[in-house]
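What follows is the residue order along each chain.
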Amino acid sequence: MLSVLLLIVGVHLVQATDLNDVALLYDSSHLQNSDINFKKIAEYYGLRCKGIDLLTSSLNDSLLRDENGNYLKAVGINANTLESGLLDSTELKVLSDAIAFGGVHLLVSEV
């Protein structure tokens, strides 16, 4: 019994930093319902969602990685945002490489 108690106390002393699990690529000037829903659903399932506003940020490889340098599990983007031209060919290549080589899953909503 005492060893179990010590184990529980030990767990509370060591706290890990939560890492981002998924990312949402969005356009802050045209926020879509699916953008809001993606973030809310991720948080409901206990996932941390990194919001990346494509209007103010250029997409690069480091934005698709967590704080430990691992690729995020998934990226969500609305089809209208994807087709809006906010992602140039270099940024699309970064996203494509993350999917092909990093195991990132892409969810395109409102197709």
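In this report, the structure presented in the accompanying data block is examined.

## Quick word on the nonpolar core
Phase 1 of the analysis: In terms of nonpolar packing, the biggest core is built from 14 residues, with Leu 25, Ile 52, Leu 54, Leu 59, Leu 64, Val 75 and Leu 95 touching the most fellow members.
Phase 2 of the analysis: Going through the elements one at a time, strand S1 (22–26), strand S3 (74–78) and helix H4 (89–102) are the ones with two or more residues in this core.
Phase 3 of the analysis: The element contributing the most residues to this core is H4, with 3 residues.
Phase 4 of the analysis: Excluding residues that lie within four positions of it along the chain, Leu 64 makes contacts with Leu 59, Asn 70, Tyr 71, Leu 72, Val 75, Val 94, Leu 95 and Ala 98.

## Overview of the layout of surface pockets
Phase 1 of the analysis: A volume near 170 Å³ is recorded for the largest pocket.
Phase 2 of the analysis: Lining the largest pocket are Val 22, Phe 38, Ile 41, Ala 42, Tyr 45, Leu 47, Ala 74, His 105, Leu 106 and Leu 107.
Phase 3 of the analysis: Looking at the lining of the largest pocket, the elements with two or more residues in it are helix H2 (33–44) and strand S4 (105–109).
Phase 4 of the analysis: Here the residues of the lining of the largest pocket are counted per class, giving 9 nonpolar, 1 polar and no charged.

## Some thoughts on the environment of Ala 23
Phase 1 of the analysis: Structurally, Ala 23 can be placed in strand S1.
Phase 2 of the analysis: Ala 23 sits in the buried class, given a relative accessible area of 0%.
Phase 3 of the analysis: The spatial distance from the C-alpha of Ala 23 to the C-alpha of Ile 77 is 8.8 Å, given a sequence separation of 54 residues.
Phase 4 of the analysis: Residues within four places of Ala 23 in sequence aside, it is in contact with Phe 38, Cys 49, Lys 50, Ile 52, Leu 72, Ala 74, Val 75 and Gly 76.

## Some words on the sheet that holds S1
Phase 1 of the analysis: Reading across from one edge, S2-S1-S3-S4 is the order of the 4 strands in this open sheet, with parallel pairing throughout. Each edge of the open sheet is held by one strand with a lone partner, namely strand S2 (49–53) and S4. With strand direction ignored, the average angle separating the axes of adjacent strands in the sheet is 20°.
Phase 2 of the analysis: Of the pairings in the sheet, the one linking S1 to S3 comprises 4 bridges and is parallel in character. Directly across from Leu 25, in S3, lies its bridge partner Ile 77.
Phase 3 of the analysis: Packing of H2 onto the sheet brings it into contact with S1, S2, S3 and S4, and relative to S1 it is tilted by some 170°.

## Concerning the side chain of Glu 91
Phase 1 of the analysis: The residue Glu 91 is located in helix H4 in this model.
Phase 2 of the analysis: A distance of 2.7 Å separates a polar atom in the side chain of Glu 91 from the backbone nitrogen of Leu 59.

Rules behind the numbers
- Residues numbered from 1 in each chain as written.
- Predicted model: local features only at pLDDT ≥ 70, side-chain atom pairs only at ≥ 80, totals over all residues.
- Heavy atoms only, no water.
- Core = buried A, V, L, I, M, F, W, Y, C linked by side-chain atoms within 4.5 Å.
- Buried < 20%, exposed > 50% of the residue type's maximum accessible area, 1.4 Å probe, protein only.
- Helix = DSSP H or I, 4+ residues; strand = E, 2+ residues; numbered from the N terminus.
- Contact = heavy atoms within 4.5 Å.
- 1 Å grid on protein atoms, 1.4 Å probe; cavity = no way out; pocket = protein on both sides within 12 Å on 5 of 7 lines; lining within 4 Å.
- Points joined across faces, edges and corners; volume = space filled by probe spheres on them.
- Nonpolar A, V, L, I, M, F, W, Y, C, P; charged D, E, K, R; others polar.
- Pairing = 2+ DSSP bridges.
- Axes fitted to C-alpha atoms, helices over the stretch in contact; angles between N-to-C directions.
- Polar contact = N/O pair within 3.5 Å; in protein donor to acceptor, adjacent residues only side chain to side chain.

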